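# What the coordinates show
The lines below spell out each chain.
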Amino acid sequence: MAKKKEELDPETLALIHWCIEVEGFLVAGGATQEQAQEHIEDEVEWFTDLFYDGLTPEQAAKEALA
């Protein structure tokens, strides 16, 4: 029996893509890709709040690097 592929809602997809962009700015700011991913995973609730507060990925990365 084949597994049904789980579909994500558009809002969740937007958040995931936003976090991917944040990761790029964290790396540009000096973090390794692994460090950036780990930080986003560890602080997912905080980053989610920044997303819903309307910060751009670049703004969120600056907040994280501050």
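Here the structure is shown first, and the text comes after it.
All of the points below concern the structure found in this document. (Residues numbered from 1 in each chain as written. Predicted model: local features only at pLDDT ≥ 70, side-chain atom pairs only at ≥ 80, totals over all residues. Heavy atoms only, no water.)

## Some remarks on helix α4 (residues 57-65)
So the rule is basically this: The rule is simple: take the accessible area with a 1.4 Å probe, protein chains only, and divide by the maximum for that residue type; under 20% is buried, over 50% is exposed, in between is partly exposed. Each helix is a run of DSSP H or I of at least 4 residues and each strand a run of E of at least 2, with the numbering of both proceeding from the N terminus. As used here, the arc is the angular range of directions from the helix axis to the C-beta atoms. Any two residues whose heavy atoms approach within 4.5 Å are treated as being in contact.
Of the residues making up α4, those classed as buried are Pro57, Ala60 and Ala61. The buried residues of α4 occupy an angular sector of 100 degrees when the element is viewed end-on, so they sit on one face. Buried residues in α4 make contact with α1 (10-28) and α3 (44-52).

## Quick word on the environment of Ile16
Mapped onto the elements, Ile16 comes out in helix α1. For Ile16, a relative accessible area of 36% gives the class partly exposed. As a C-alpha pair, Ile16 and Thr48 span 32 residues in sequence and 9.6 Å in three-dimensional space.

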